[in-house]
Amino acid sequence: METIVEVNDLKKSYKDKEAVKGVNFSVEKGEIFGFLGPNGAGKSTTIDMLSTINRPTSGDAIINGFQVVSDKNKVRGSIGLIFQETTLDEKLTANENLMLHCRFYNVPKEKREARIQEVLEIVDLSDNRKQIVETFSGGMKRRLEIARGLLHYPRVLFLDEPTVGLDPNTRNHIWDYILDLKKKQGITMFLTTHYMDEAEICDRIAVMDHGEVIALDSPEKLKTDVGGDIIEIQTADNDQAKAKIEADYGVEVKEKDNTLTFQVSNGSEFLVQFVRDFSIDILTVNLRRPTLNDVFLYLTGREIREDASTQNDETEGGTD
Ligand SMILES: Nc1ncnc2c1ncn2[C@@H]1O[C@H](COP(=O)(O)OP(=O)(O)OP(=O)(O)O)[C@@H](O)[C@H]1O
Ligand SMILES: [Mg+2]
């Protein structure tokens, strides 16, 4: 394994706000590495420091062998960047947007034409090359931004909320392109999201909260660490059932929306005996594996989803 991103005690403070409180981690070449966390966790601030958009207050990071603080230009040449908010020039055509970027990144003149054609093919926009970006759908704009990020052969592609505000179908499409890029081009992807299902696709996830990385592992391992399976039941008398389960099985029972939730190590075995022997009437029963939302809840006591839905609404109104 070859490390391509190494982050050492990276911090960013604004006047009275410690946005990123000293984070440490590394990313391997070819990985899809995700940052998962609620609004204001410090995800964008970290990406902005890694991509040299924002200078760290202290600490450093090495991308593709170059330091973000002292080797800015070399870092910029090694990375592609897709911002949380769209940065296309909507009055220009797709081709003109890409040409501008080629000039900015010193892609040699004689190579521009072929390179633009190549990246447009990757994201299925070859037929829209001469079209004004203003007339693109949200998903097409995002794909064009991904194409732009690929123009100068980056080693690492940073994607800040690549699918926020897009409908589920378009989100799936964007993911197909991202996974394809990993497979065919071996590009390392570093992305942020607060969609649980998207985080699931990552090879490893750093869970971020209040400017800190509070857990880092594969989605599978993070969920296993929560400990076993999740049982959800509704009963004829939830108060009594809660007390009884806690006393009989020594587990913590949470109640929400009339449903009792608790964890056991082997759910299917447990349920057979539980349903047979429990003395209070059970109305509904559900057994499921932990999700990344359970991971966040387990780590922080809060749900990430509540934050996510608010964020989504805000962003939808604000990006276009
Ligand atoms: N320029 C700035 N000045 C002051 N505070 C800032 C600035 N930029 C970010 N912050 C604060 O730093 C914290 C982290 O913000 P950041 O944008 O990194 O969060 P995020 O995890 O990307 O959130 P989101 O999911 O909403 O995109 C927030 O509390 C934010 O208000
Ligand atoms: Mg952000």
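The rules behind the values
- Residues numbered from 1 in each chain as written.
- Chains lettered and ligands numbered in written order.
- Predicted model: local features only at pLDDT ≥ 70, side-chain atom pairs only at ≥ 80, totals over all residues.
- Heavy atoms only, no water.
- UniProt positions renumbered as here; feature names shortened; annotations may be inferred.
- Pairing = 2+ DSSP bridges.
- Helix = DSSP H or I, 4+ residues; strand = E, 2+ residues; numbered from the N terminus.
- Contact = heavy atoms within 4.5 Å.
- Axes fitted to C-alpha atoms, helices over the stretch in contact; angles between N-to-C directions.
- Buried < 20%, exposed > 50% of the residue type's maximum accessible area, 1.4 Å probe, protein only.
- Core = buried A, V, L, I, M, F, W, Y, C linked by side-chain atoms within 4.5 Å.
- Expected span 1.5 Å × (residues − 1).
- Polar contact = N/O pair within 3.5 Å; in protein donor to acceptor, adjacent residues only side chain to side chain.
- Near = heavy atom within 4 Å.
- Areas by Shrake-Rupley, 256 points an atom, 1.4 Å probe, with all protein chains shown as cover.
- Domains from an automatic or database assignment.
- Donors = N, O, S within 2.8 Å, 3.2 Å for Na, K, Ca; no water.
- Salt bridge = Lys/Arg side-chain N within 4 Å of Asp/Glu carboxyl O.

Looking at an unreviewed UniProt entry, the protein carries the name Daunorubicin resistance protein DrrA family ABC transporter ATP-binding protein, with the source organism given as Lentibacillus halophilus. Database annotation for the protein, UniProt heading Subcellular location (unreviewed entry): "Cell membrane".

Draft legend 1. Up close: the sheet that holds strand β5 (residues 66-67). Pairing within the open sheet is antiparallel, and its 4 strands lie in the order β2-β1-β4-β5. Each end of this open sheet is capped by a strand with a single partner; those strands are β2 (17-28) and β5. Here 5 bridges tie strand β1 (residues 3-14) to strand β4 (residues 58-63), and the two strands are oriented antiparallel to one another. Each residue of the ladder has a partner; that of V7, found in β4, is A61. Along the sheet face, helix α1 (residues 43-50) touches β1, β2 and β4 and points at about 120 degrees away from the line of β1.

Draft legend 2. Structural detail: unusual backbone geometry. The backbone of N64 sits at a positive phi, close to 55 degrees, despite the residue not being glycine. Structurally, N64 is set in the loop between β4 and β5. Of note, the phi angle at N106 is positive, near 55 degrees, even though the residue is not glycine. Secondary-structure assignment places N106 in the loop between α3 (94-104) and α4 (109-122). Relative accessible area serves as the criterion here: at 63%, N106 is assigned to the exposed category.

Draft legend 3. The nonpolar core, seen in detail. If you look at the biggest cluster of nonpolar residues, it comprises 44 residues, and the most contacted ones within it are L144 and I146. If we ignore the near neighbours within four places in the chain, the residues touching I146 are I82, V123, L159, I174, I178 and L181. If you look at the next biggest cluster of nonpolar residues, it comprises 25 residues, including V23, F25, F35 and M49.

Draft legend 4. Seen up close, the environment of V275. Within the secondary structure, V275 sits in helix α10 (residues 267-277). With a relative accessible area of 44%, V275 lands in the partly exposed category. For the pair formed by V275 and Q185, sequence separation is 90 residues and the distance between their alpha carbons is 51 Å.

Draft legend 5. Summary view of helix α9 (residues 238-249). Here α9 spans 16 Å end to end across 12 residues, near enough to the 16 Å set by a 1.5 Å rise per residue. For α9, the side-chain oxygen to backbone nitrogen distance between the N-cap and D239 is 3.3 Å, and the N-cap itself is D237. Where α9 terminates, the next one or two residues include G250, which has phi positive at roughly 65 degrees.

Draft legend 6. Region of interest: the site of ligand 1. Around ligand 1 there are 15 residues in total, and G40, G42, K43, S44 and T45 lie nearest to it. A distance of 3.4 Å separates an oxygen atom of ligand 1 from a polar side-chain atom of K17. Between ligand 1 and the protein, one listed contact pairs an oxygen atom with a backbone N or O atom of A41 at 3.1 Å. For ligand 1, the protein covers 64% of the area, taking 640 Å² as the surface of the free molecule. Where the shell around ligand 1 is concerned, the elements lending two or more residues are β2 and α1. Looking at which element gives the most residues to the shell around ligand 1, the answer is α1, with 3 residues.

Draft legend 7. Layout of the sheet that holds strand β13 (residues 259-264). Strand order in the open sheet formed by 4 strands is β12-β13-β11-β14, with antiparallel pairing between adjacent strands. Two strands lie at the open edges of the sheet, namely β12 (254-256) and β14 (282-288), each paired on one side alone. Within this sheet the neighbouring strands show an average axis-to-axis angle of 25 degrees, counted without direction. The pairing of strand β11 (residues 229-235) with β13 spans 5 bridges and is antiparallel. Bridge pairing in β13 places I233 opposite L260.

Draft legend 8. Highlighting the domain arrangement of the protein. Looking at the protein, the domain boundaries give domain 1 (3-223) and domain 2 (228-289). Computed from C-alpha atoms alone, the centre-to-centre distance between domain 1 and domain 2 is 42 Å.

Draft legend 9. Examining the coordination of the magnesium ion (ligand 2) more closely. Binding of the magnesium ion (ligand 2) to the protein goes through S44 (OG) and Q84 (OE1), at separations of 2.0 to 2.3 Å. Pair noted here: S44 is in helix α1 and Q84 is in the loop between β6 (79-82) and α3, with a separation of 40 residues, a long-range link. On the accessibility criterion, S44 (21% relative accessible area) is partly exposed.

Draft legend 10. Representation of the pattern of salt bridges within the structure. Under the criterion given, the structure shown has 23 salt bridges. Close ionic contact of D197 with R171 constitutes a salt bridge, the shortest N to O distance being 3.0 Å. Of this pair, D197 sits in helix α7 (residues 196-201) while R171 sits in helix α6 (residues 168-185), placing them 26 residues apart in sequence. The shortest N-O distance in the salt bridge between R276 and D277 comes to 3.2 Å. On the basis of relative accessible area, R276 is assigned to the exposed category, the value being 60%. Taking the relative accessible area as the measure of exposure, D277 reaches 43% and is therefore partly exposed. By sharing partners, the salt bridges in this structure join E200, E220, K223, D229 and R289 into a single network.

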